Amino acid sequence: MPVRNASLEELRKMSKDELQEKLRQLRREYFDLRSKLSAGAPPEQVHRFKMVRREIARVLTVMRERGYIA
């Protein structure tokens with residue numbers, strides 16, 4: 001199930017725990033997408049790879065801004 005993209009403002013309003021959960025969900029979705037592709041499934045949502053990678057980067061950026069990650 002795809003995770004909804006959050007805007008940067010929405011991410012900045014989230015708590016540390018919410019950001020960590022969002023990151024976990026996004027990484028899981030990215031793993032699932034890669035698994036389906038490597039298993040030989042036809043690429044149905046190829047655009048999701050790029051969207052999920054960018055969303056992961058947004059979450060990590062907000063976490064770094066707050067000093068949650070070194």
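Residues numbered from 1 in each chain as written. Predicted model: local features only at pLDDT ≥ 70, side-chain atom pairs only at ≥ 80, totals over all residues. Heavy atoms only, no water.

Describe the nonpolar core, with residues and values.
Counting 15 residues, the largest nonpolar core has Leu11, Leu19, Leu23, Val52, Ile56 and Val59 as its most contacted members. Elements represented by at least two residues in this core include exactly α2 (16-38) and α3 (47-66). A per-element tally of this core places α3 first, with seven residues. Ignoring any residue separated from it by four or fewer positions in sequence, one finds Ile56 in contact with Leu23, Leu26, Arg27 and Tyr30. (Core = buried A, V, L, I, M, F, W, Y, C linked by side-chain atoms within 4.5 Å. Buried < 20%, exposed > 50% of the residue type's maximum accessible area, 1.4 Å probe, protein only. Helix = DSSP H or I, 4+ residues; strand = E, 2+ residues; numbered from the N terminus. Contact = heavy atoms within 4.5 Å.)

Please give an account of the environment of Tyr30 that cites residues and values.
Structurally, the position occupied by Tyr30 is in helix α2. Remark: the alpha-carbon pair of Tyr30 and Lys50, spanning 20 residues in sequence, is separated by 9.5 Å. The residues contacting Tyr30, other than those within four sequence positions of it, are Phe49, Val52, Arg53 and Ile56.

I'd like a description of the pattern of salt bridges, backed by residues and values.
Summed over the entire model, instances satisfying the criterion amount to five salt bridges. Glu65 is the partner of Arg12 in a salt bridge, and the nearest nitrogen-oxygen pair spans 3.0 Å. Highlighted residues: Arg12 in helix α1 (residues 8-13) and Glu65 in helix α3, separated in sequence by 53 residues. Residues Glu29 and Arg48 are paired through a salt bridge, measuring 2.6 Å at the closest nitrogen-oxygen approach. Of this pair, Glu29 sits in helix α2 while Arg48 sits in helix α3, placing them 19 residues apart in sequence. In terms of burial, Glu29 and Arg48 fall into one category: buried. (Salt bridge = Lys/Arg side-chain N within 4 Å of Asp/Glu carboxyl O.)

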